[in-house]
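Results of the structural survey
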Amino acid sequence: MNDEIRIEIGNIFKYLRSERKLTIAEVSNGICSSRTYQEIEKGKIKNVNYYEEIIQYFGYEYFPIEDLKNWLEDFADSLYKACDYMNEQAIKELNIQYKAYFRGKENGIVYSQYNEVFKHLFRYYQDDEYLNGEEIKKDLKLIQIIKEDKLRILLIEVMDISNWDHAGDYDLMEEMKSWIEQYPNNLIMQYHIHLYEKLMLNMQCGLETLKKIELNLDKNNYYRKSKVMMARFNIIKNIDKKMAEITIKELTKQMELKCIPYRLKSKINYNIASFYYNIQLNYEQALSYYSISYKMNNKTQNALLFMCACCRELNLKLPDELEKCEINKKNPNSVYLEYYKRLKKDIDCRELEDFILHNVMGVLKKELYHNPYWKIFENEMIRLSKITRDYSLLYVFRKNMIKNRIQY
C-alpha cells in the first residue's frame with residue numbers, strides 16, 4: 001500500500017467506526033494500541049498487517065484499488081454527462097456497466113463504499129426514487145471519502161433534491177449548503193444555490209443566479225433548461241401573476257419536447273398546479289394539473305394529496321385514485337394521504353378529528369408555514385366541527401398552530 005491508499009483506507013475506517021458508533025478502543029482491541037489506531041485512521045502507519053486485520057474486523061476484504069481508480073476516471077465522466085442531460089438510455093447502460101465491474105468485489109473495503117454511492121445515484125437518476133433522511137445523513141459522511149468531484153456533485157444533487165422534495169429535514173439544510181458552496185462554478189450546484197436564495201426570500205438573487213445558469217448552459221441540454229425555466233416560474237409566480245401565466249405557456253411548449261423525461265414533465269405540471277392552488281385559488285385548474293402530474297408519475301403521491309384537497313374545496317367526491325394507491329410509508333407526508341383514505345371510507349367525524357390531532361399533528365409540527373399543509377387540515381377541522389357541532393378540538397388545533405409559531 002502506498003501513502004495515498006493508506007490515507008484513503010484510514011478515512012474509510014474512520015467513517016465505518018462513526019457509522020457503527022464504535023470507540024477507538026473497541027476497534028483497536030487485540031490489534032494495536034489506541035494511539036497507533038489513531039495514526040492508522042490518518043494513514044500514517046506503514047505496517048500493512050494492521051490495515052489487513054482492521055479490514056477483517058469491519059467484515060471486509062482488500063482488493064487492489066489501482067484498477068478501480070483508473071476505471072472511475074472514465075466512468076465518472078460518462079455518468080456525470082448522462083445525469084446532467086438526463087439521458088435515460090445512457091444511464092441504464094451505465095448502470096449495467098457498473099454492476100458488471102463491481103460483481104464479486106462488493107465486499108472490498110473501498111469498493112463497498114463506492115458501491116453505496118452508485119446505488120443511491122442510480123436509485124434517483126434511473127429509478128426516480130428519493131433518499132430518506134437517514135440515508136442523506138449517511139451520505140453526508142460517505143461523501144467525505146469520495147474523491148471524484150463529479151461523483152460528489154451528483155451525490156450532492158441527489159441528497160439535496162431528496163431533502164427538498166421528500167425528507168424535509170431543515171436541520172440538514174445548512175450542512176447540505178456547505179457542500180454545495182464548495183462548487184460555486186458548477187452549473188448543477190448553482191441551481192441548488194438558487195434554492196437556498198429562494199428559501200431566504202432573496203428572490204432577486206435567485207433570479208440572477210438562474211439567468212447566469214441559462215447563459216452558460218449548453219443549448220442542447222433541454223433537461224437543465226427546463227428545470228431552470230421551472231425554477232424561474234416558481235419565483236415569478238410569487239411576484240408577477242401575469243408573467244407567471246406567460247411562463248406557463250412557455251413551460252407547456254417545452255413539455256412537448258420528446259427528450260424531456262416524464263418525471264420532469266410531471267414535476268412541471270405539479271408546480272403549475274401549485275400556482276393555481278396556492279396563489280390563484282383556482283382549484284379547478286389546480287385539480288386538472290395535479291391530475292396530469294399524478295398520471296405521469298404516481299411515485300411521490302403529493303399530487304394525489306392535493307387532488308384530494310382540491311376536491312374538498314370544490315365539494316367534489318374524493319378521487320378514485322385514492323382507493324387504488326398503496327401509500328408510501330417512507331414518505332413523511334404519507335399520514336396526510338392516510339387521512340383522506342379514511343375520509344373516503346366514511347369514518348366517523350370524531351375519529352377523523354382524533355386522527356388529525358394525534359397522527360397528522362406530529363408531522364404538521366415540522367412544517368414552518370401555514371400554507372399549504374396547516375391550512376389544509378385547519379379547513380378539515382372546520383368542516384368536521386360543523387358536523388359534530390363541537391368546536392373545542394378546532395380550538396386545540398389552532399392552539400398548536402400558535403404554539404409552533406406558524407408563519408402566514
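Shown above is the structure to which this text applies.
Rules behind the numbers
- Residues numbered from 1 in each chain as written.
- Predicted model: local features only at pLDDT ≥ 70, side-chain atom pairs only at ≥ 80, totals over all residues.
- Heavy atoms only, no water.
- Helix = DSSP H or I, 4+ residues; strand = E, 2+ residues; numbered from the N terminus.
- Expected span 1.5 Å × (residues − 1).
- Buried < 20%, exposed > 50% of the residue type's maximum accessible area, 1.4 Å probe, protein only.
- Axes fitted to C-alpha atoms, helices over the stretch in contact; angles between N-to-C directions.
- Parallel < 35°, antiparallel > 145°, perpendicular 65-115°, else oblique.
- Left-handed = near helix turned anticlockwise from the far one by under 90°.
- Contact = heavy atoms within 4.5 Å.
- Nonpolar A, V, L, I, M, F, W, Y, C, P; charged D, E, K, R; others polar.
- Salt bridge = Lys/Arg side-chain N within 4 Å of Asp/Glu carboxyl O.
- Phe/Tyr/Trp six-rings, centres within 6.5 Å; stacked < 30°, edge-to-face > 60°.
- Lys NZ or Arg CZ within 6 Å of the ring centre and 35° of its normal.
- Disulfide = S-S within 2.5 Å.
- Patch = residues over 30% accessible without salt bridge, like charges linked within 9 Å, V, L, I, M, F, W, Y side chains within 5 Å.
- Areas by Shrake-Rupley, 256 points an atom, 1.4 Å probe, with all protein chains shown as cover.
- Polar contact = N/O pair within 3.5 Å; in protein donor to acceptor, adjacent residues only side chain to side chain.

1. Focus on helix 15 (residues 262–279)
Over its 18 residues, helix 15 extends 25 Å from the first C-alpha to the last, a length consistent with the 26 Å expected when each residue adds 1.5 Å. Buried residues dominate helix 15, accounting for 14 of its 18 residues.

2. Concerning the packing of helix 15 against helix 16 (residues 283–296)
If you want to describe how two helices pack, look at the angle between their axes and the distance between the axes. Contact pair helix 15 / helix 16: the axes reach a minimum separation of 8 Å and the direction vectors enclose 165°. Taken together, the axis directions place helix 15 and helix 16 in an arrangement best described as roughly antiparallel. As for the relative orientation of helix 15 and helix 16, their crossing is left-handed in sense. Together, Y262, K265, S266, N269, Y270, I272, A273, S274, Y276 and Y277 of helix 15 and Y283, Q285, A286, Y289, Y290, I292, S293 and M296 of helix 16 make up the contact between the two elements. Residue composition of the contact of helix 15 with helix 16, by class: 12 nonpolar, five polar and one charged.

3. Remarks on the pattern of salt bridges
According to the stated counting rule, one finds 24 salt bridges in the structure shown. Its salt-bridge partner being K119, residue E116 comes within 3.9 Å of it at the nearest N-O pair. On the criterion of helical spacing, the pair formed by E116 and K119 is a turn pair, its members being three residues apart in helix 7 (residues 111–125). Relative accessible area serves as the criterion here: at 44%, K119 is assigned to the partly exposed category. Across the pair E313 and R383 runs a salt bridge, and its minimum N-O distance is 3.5 Å.

4. Thoughts on the packing of aromatic side chains
The geometry of an aromatic ring pair comes down to the distance between the two centres and the angle between the two planes. As enumerated under the stated definition, the model contains 35 aromatic pairs in all. Judged by centre distance (5.3 Å) and plane angle (15°), the rings of Y290 and F306 are stacked. Taken together, the residues Y290 in helix 16 and F306 in helix 17 (residues 302–313) connect sequence positions 16 residues apart. Since its relative accessible area comes to 2%, F306 is described here as buried. Three or more aromatic residues joined by ring pairs form one cluster here, namely Y270, Y277, Y283, Y290, F306, Y336, Y339, Y340, Y373 and F377. Geometry around Y101 places K105 over its ring, the cationic atom sitting 4.1 Å from the centre. If you follow K265 out to its NZ or CZ, it ends over the ring of Y262, 5.3 Å from the centre.

5. A short note on the state of the cysteines
What the rule picks out here adds up to zero disulfides. The thiol sulfur of C325 is not disulfide-bonded, and the nearest other cysteine sulfur, from C308, lies at 8.0 Å.

6. Observations regarding helix 9 (residues 149–167)
Within helix 9, 14 of the 19 residues are buried, which leaves the element mostly enclosed by the surrounding structure. Positive backbone phi, at 60°, marks G168, one or two positions downstream of helix 9.

7. Points about a nonpolar patch on the surface
On the surface, a cluster of nonpolar side chains totalling about 250 Å² of accessible area is made up of Y170, L368 and Y369. Residue position: L368 is located in the loop between helix 20 (349–364) and helix 21 (370–388). For L368, a relative accessible area of 36% translates into the label partly exposed.

8. Quick word on the environment of Q144
With respect to the helices and strands, Q144 occurs in the loop between helix 8 (133–142) and helix 9. The partly exposed category is assigned to Q144, whose relative accessible area is 45%. Distance in space between the C-alpha atoms of Q144 and Y15 is 8.6 Å, their sequence separation being 129 residues. Only 3.2 Å separates the side chain of Q144 from the backbone oxygen of L140, close enough to count as a polar contact.

9. Brief notes about the packing of helix 20 against helix 22 (residues 392–403)
Across the interface, helix 20 lies against helix 22 with an axial gap of 11 Å and an inter-helix angle of 5°. Between helix 20 and helix 22, the angle falls in the class roughly parallel. Touching E353, I356, L357, M361 and L364 of helix 20 are L393, V396, F397 and N400, all from helix 22. Residues of the contact of helix 20 with helix 22, tallied by class, amount to seven nonpolar, one polar and one charged.

The analysis is restricted to geometry; functional conclusions fall outside its scope.
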